[in-house]
Structure formats: structure tokens, C-alpha cells
Amino acid sequence: VTPLDARITFHDDPLRVLRAIRFAVRYDLTLSDEITAAAMSPEVHESLHVKISRERVGKELEGMLTGKNAKPSTALKLIA
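What counts as what
Residues numbered from 1 in each chain as written. Predicted model: local features only at pLDDT ≥ 70, side-chain atom pairs only at ≥ 80, totals over all residues. Heavy atoms only, no water. Axes fitted to C-alpha atoms, helices over the stretch in contact; angles between N-to-C directions. Helix = DSSP H or I, 4+ residues; strand = E, 2+ residues; numbered from the N terminus. Left-handed = near helix turned anticlockwise from the far one by under 90°. Contact = heavy atoms within 4.5 Å. Nonpolar A, V, L, I, M, F, W, Y, C, P; charged D, E, K, R; others polar. Salt bridge = Lys/Arg side-chain N within 4 Å of Asp/Glu carboxyl O. Buried < 20%, exposed > 50% of the residue type's maximum accessible area, 1.4 Å probe, protein only. Parallel < 35°, antiparallel > 145°, perpendicular 65-115°, else oblique.

Caption draft 1: Region of the structure containing the packing of helix H2 (residues 15-26) against helix H6 (residues 72-79). The geometry of H2 relative to H6 is characterised by a closest axis approach of 10 Å and an angle of 145° between their N-to-C directions. When you trace H2 past H6, the crossing you get is right-handed. Contact residues: H2 offers Ile21, Ala24 and Val25, while H6 offers Thr74, Ala75, Leu78 and Ile79. Split by residue class, the contact of H2 with H6 holds six nonpolar, one polar and no charged.

Here it is as C-alpha cells:
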């Protein structure tokens, strides 16, 4: 859970969506309904496209798919 509303937090720093997924996969955590709903928000998706470089998104995806304790199938399910 975030200190502010998850949609506000993710809109302000959309990279946190990818980090939340990466940490959930790495540490076998379940994302809260609030975080899941915010991550699926069209506004947050738009912020991710506008504010975060493709290279940075690629690094987060790489961490989800190949990093320590990576679980690619779980990561891809959470991203979808």
C-alpha cells in the first residue's frame, strides 16, 4: 500500500508500477487490489509512455524476466 492513493503515486512516478511488479515477483508477494486497479488505469499507462524512457522500461522488464529470483511467467501475467 502506498502513502497516497496508488493512482496518484503511479501517475506521478509511473516507473513504480513496474517496480511493484518486479518486487512482487522477486519476493513472491501479492499486489493489493488498489495497486492492481491503479496499475491498469489508462491515465497511469499514458504517464508510463510519456514520462519513462523505453530504455528504463526495458531495464525493469529485464529485471522481472532474468533477475534474481525471476519468474518470467508470473511477471508476464501481472503485466498483462
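Caption draft 2: The arrangement of the side chain of Glu60 in detail. Relative to the assigned elements, Glu60 resides in helix H5 (residues 54-66). Discounting residues that sit within four places of it in the chain, Glu60 has contacts with Leu15, Leu18, Arg19 and Arg22.

Caption draft 3: Layout of the pattern of salt bridges. Summed over all chains, the structure comprises four salt bridges. A salt bridge links Glu60 to Arg19; the shortest N-O distance between them is 4.0 Å. Taken together, the positions of Glu60 in helix H5 and Arg19 in helix H2 put the pair 41 residues apart, joining distant regions of the chain. Of the residues examined, Glu60 reaches a relative accessible area of 2% and is grouped as buried. The partly exposed category is assigned to Arg19, whose relative accessible area is 27%. Where Arg56 meets Glu60, a salt bridge forms, and the shortest distance between an N and an O atom there is 2.9 Å. Taken together, the positions of Arg56 and Glu60, both in helix H5 and four residues apart, correspond to about one turn of that helix. Residues joined by salt bridges that share partners form a network here, namely Arg19, Arg22, Arg56 and Glu60.

Caption draft 4: Up close: the packing of H5 against H6. Orientation of H5 relative to H6, taken along the N-to-C sense of each, is 135°, at an axis distance of 7 Å. As summarised for this structure, H5 and H6 are arranged oblique, according to the angle between their axes. Of H6, the residues touching H5 (which contributes Leu61, Met64 and Leu65) are Pro72, Ala75, Leu76 and Ile79. Each residue belonging to the contact of H5 with H6 can be placed in one class, and the counts come to seven nonpolar, no polar and no charged.

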